[in-house]
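# Overview (structure and organization)
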Amino acid sequence: MSKQPRKEFLLETAYRLFNEQGYHATGIDLILAESGVSKATLYKHFRTKDELILEVLKRRHEQFDRSLEGYICAAGEGGQNQPGRMVLAVFDALHDWINSKNFFGCNFINASAEYSAGEDPIHRFAAWHKQSLLDRLKQLLPGVRKPRREVLADQLMMLVDGAIVAAQVRGDKNSAVTAKKAAQALLDAWL
């Protein structure tokens, strides 16, 4: 077992297995066997598998948010405040993620599909994550008036999710590049 704290290793193992096999297909026994963590340690930190899934999703959200912010900040450096430049950085982040060894599709799309009941806490968290990304896109469009900004951000979000699904379902490793071109066309039309 790793020298990191057991809870952290447990979460990393669960994240990897949920990515590779799905949430329902990954049983607690497999997570315990792969992590080397005891059942008592697991239940010390998480009362249920759903609590473990929620913590994995929370951490993935934070990781995604930090990574995305790095791309956005880099796009805004140098005082070049071209309209849409930071929005397009979102698609650069997607492209790099889709082409990484850690791409197994979107944890949140997958979670919402496996936990499809709208009132399920896992589904609600996945929806919240997607809403937070939509809100971030809106923030990146400060020069667009509110009603138009809402519509444009919705369209951009469709391109984001479409690129992820195309990469996951069809294996299209350039889906984010294609989506970025469509986003540029949308931005040109709106701005």
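Scroll up to find the structure.
Report follows, based on the coordinates. Just so you know, the residues in each chain are numbered from 1, in the order the chain's sequence is written. Local features are withheld for residues below a pLDDT of 70 in this predicted model, meaning they are given only at 70 or higher, and side-chain atom pairs are given and counted only at 80 or more; totals for whole chains, interfaces and linings count all residues. For the side-chain quantities, the full set of heavy atoms in the structure was used; hydrogens and water were omitted.

Take the side chain of Glu55 next. Relative to the assigned elements, Glu55 resides in helix α4 (residues 49-76). For the purposes of these results, a polar contact is taken to be a pair of N or O atoms within 3.5 Å, where, inside protein, one atom must be able to donate a hydrogen and its partner to accept one; residues adjacent in sequence count only when each atom of the pair is a side-chain atom. A polar atom in the side chain of Glu55 sits 2.9 Å from the side chain of Arg59. The contacts of Glu55, once residues within four sequence positions are left out, are Leu11 and Phe46. Helix and strand assignments come from DSSP, with helices taken as H or I runs of at least 4 residues and strands as E runs of at least 2, each series counted from the N terminus. Any two residues whose heavy atoms approach within 4.5 Å at even a single point are treated as in contact.

The rule for a salt bridge is simple: a side-chain nitrogen of Lys or Arg has to be within 4 Å of a carboxyl oxygen of Asp or Glu. Going through the model one piece at a time under the given rule, you end up with 12 salt bridges. Lys39 is paired through a salt bridge with Asp29; the nearest N and O atoms lie 3.8 Å apart. Remark: Asp29 occurs in helix α2 (residues 28-35) and Lys39 occurs in helix α3 (residues 39-45); sequence separation between them is 10 residues. Residues Asp161 and Lys130 are paired through a salt bridge, measuring 2.6 Å at the closest nitrogen-oxygen approach. Residue Asp161 is found in helix α8 (residues 146-170), and its partner Lys130 is found in helix α7 (residues 121-139); the two are separated by 31 residues along the sequence.

Centres within 6.5 Å are what make two rings of Phe, Tyr or Trp a pair, Trp counting through its six-membered ring; a difference in plane orientation under 30 degrees is then read as stacked, over 60 as edge-to-face, and the rest as tilted. Counted by the stated rule, this structure contains 5 aromatic pairs. An angle of 70 degrees between the planes, with centres 6.5 Å apart, marks the rings of Tyr23 and Tyr115 as edge-to-face. Here Tyr115 lies in the loop between α6 (107-114) and α7 and Tyr23 lies in the loop between α1 (6-21) and α2, a separation of 92 residues in the sequence. The exposure classification of Tyr23 matches that of Tyr115, with both residues buried. For the pair Phe125 and Trp128, a centre-to-centre distance of 5.3 Å together with 40 degrees between the ring planes defines the contact as tilted. Of this pair, Phe125 and Trp128 are both found in helix α7, 3 residues apart, which corresponds to roughly one turn of the helix. Note on classification: 1.4 Å probe, protein chains only; a residue is buried when its accessible area is under 20% of the maximum for its type, exposed when over 50%, partly exposed between these limits. Residue Phe125 is classed as buried on the basis of its relative accessible area, which comes to 18%. Taken together, the ring pairs in this structure connect Phe18, Tyr23 and Tyr115 into an aromatic cluster.

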